[in-house]
Amino acid sequence: MSHLPLKTNRLLLRDFCADDFQDVHAYARDPEVVRFVQWGPNTEADTHGFLAHVLNLSEVKPRLDFELAVVWAPENRLIGGASIHISDQANREGWIGYCLNREFWGRGVATEAAKALVAFGFAALELHRIYATCDPANVGSRTVLQKIGMRQEGHFRSHKLVRGKWRDTEIFAIIDDEAR
């Protein structure tokens, strides 16, 4: 897609490539980084599998899934992943997610990446509604979603079985005319 890569003040969001293994594995194997997601901590095989999967997704036409590497532009260093997925073409709905190396937590990086994803979703993908989910205990992610203008729409109790424990899920969303 001609709109990629996405550029912000400090970040470059680009398609992953096979050479990204070491940087992806550095954050994906960290138990603290993956504490609130359904996958991980990754083995090397898991990370290789993830990269193979996202490389395949980037070739699908029409493209509905954008799994992007988050690159810290000042050092040209891959520091995480961010994604936007078209979940319902007819209703022009999609969802976002992000995961960062914890060395970059608390610097506004997730907010910057999420803002770029939302802007891309509304402008390039012509979405009407973009949502995200998070574990209520993930205060950092909840704050990011609120900072980018998403509003909480729901709270699902005992919604996901993650690592053998039931967890709640909150859903946040933003509509295209709210982002203008």
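Above this text sits the structure in question.
A.B. asks: It is not clear to me how the packing of aromatic side chains should be interpreted in this structure. Could you clarify?
C.D. replies: Each aromatic ring pair is characterised by the separation of its centres together with the angle its planes make. Enumeration according to the criterion identifies three aromatic pairs in this entry. Aromatic side chains Phe 16 and Phe 50 sit 5.4 Å apart centroid to centroid with 85 degrees between the ring planes, which places their arrangement in the edge-to-face category. One end of the pair, Phe 16, is in the loop between β2 (11-15) and α1 (21-28); the other, Phe 50, is in helix α2 (residues 44-57), with 34 residues separating them in the sequence. Phe 16 gets classed as buried once you look at its relative accessible area, which sits at 5%. Phe 50 sits in the partly exposed class, given a relative accessible area of 25%. A centroid spacing of 5.3 Å and a plane angle of 55 degrees characterise the contact between Trp 72 and Phe 104, whose relative ring orientation is tilted.

A.B. asks: Whenever I open this one, α1 confuses me. Can you help?
C.D. replies: Residues three or four positions apart in an α-helix share a direction because the helix packs 3.6 residues into each turn. Those residues of α1 that sit buried are Phe 21, Val 24, His 25, Tyr 27 and Ala 28. Looking at the buried residues of α1, the elements they touch are α2, β4 (77-88) and β5 (93-100).

A.B. asks: I tried to follow the pairing of β4 on my own but got confused; where do I start?
C.D. replies: Working note: regular strand, side chains alternate between the two faces of the sheet. Burial analysis of β4 places nine of its 12 residues in the buried class, which makes it a mostly covered element. Here eight bridges tie strand β3 (residues 65-72) to β4, and the two strands are oriented antiparallel to one another. Residue pairing in the sheet places Leu 68 in a bridge with Ala 82 of β4. The turn linking β3 back onto β4 is made up of four residues, and Asn 76 within it adopts a positive phi angle of 50 degrees.

A.B. asks: Looking at this model, I keep getting lost on the packing of α1 against α2. Mind explaining?
C.D. replies: Working note: a packed helix pair is described by the angle between its axes plus the distance between those axes. Two elements in contact, α1 and α2, have axes separated by 10 Å at closest approach and are oriented at 120 degrees. Classified by the angle their axes make, α1 and α2 are oblique. The chirality of how α1 crosses α2 is right-handed. Of the residues in α2, those in contact with Phe 21, Val 24, His 25 and Ala 28 of α1 are Glu 44, Thr 47, His 48, Phe 50 and Leu 51.

A.B. asks: Would you mind going over unusual backbone geometry with me for this structure?
C.D. replies: Generally, phi is negative for residues other than glycine and the peptide bonds are trans, each holding for most cases. Cis geometry marks the peptide bond from Gly 40 to Pro 41, where omega comes out at -5 degrees. Pro 62 follows Lys 61 through a cis peptide bond whose omega is -5 degrees. When you line up the elements, Pro 62 lands in the loop between α2 and β3. In the Ramachandran plot, Arg 92 falls in the positive-phi region, its phi being about 50 degrees despite a non-glycine side chain. Relative accessible area serves as the criterion here: at 39%, Arg 92 is assigned to the partly exposed category. One non-glycine residue, Arg 163, adopts positive backbone phi at about 50 degrees. Note on placement: Arg 163 falls in the loop between β7 (151-162) and β8 (165-175). A relative accessible area of 43% means that Arg 163 is categorised as partly exposed.

A.B. asks: So what exactly am I meant to see when it comes to the pairing of β7 here?
C.D. replies: Judged from the eight bridges that link them, β7 and β8 form a sheet pairing that is antiparallel. By the bridge assignment, Leu 161 is partnered in β8 with Trp 166. Hairpin connection between β7 and β8: a loop of two residues separates the two successive antiparallel strands, and Arg 163 in this loop has a positive phi of roughly 50 degrees.

What counts and what doesn't
Residues numbered from 1 in each chain as written. Predicted model: local features only at pLDDT ≥ 70, side-chain atom pairs only at ≥ 80, totals over all residues. Heavy atoms only, no water. Phe/Tyr/Trp six-rings, centres within 6.5 Å; stacked < 30°, edge-to-face > 60°. Helix = DSSP H or I, 4+ residues; strand = E, 2+ residues; numbered from the N terminus. Buried < 20%, exposed > 50% of the residue type's maximum accessible area, 1.4 Å probe, protein only. Contact = heavy atoms within 4.5 Å. Pairing = 2+ DSSP bridges. Axes fitted to C-alpha atoms, helices over the stretch in contact; angles between N-to-C directions. Parallel < 35°, antiparallel > 145°, perpendicular 65-115°, else oblique. Left-handed = near helix turned anticlockwise from the far one by under 90°.

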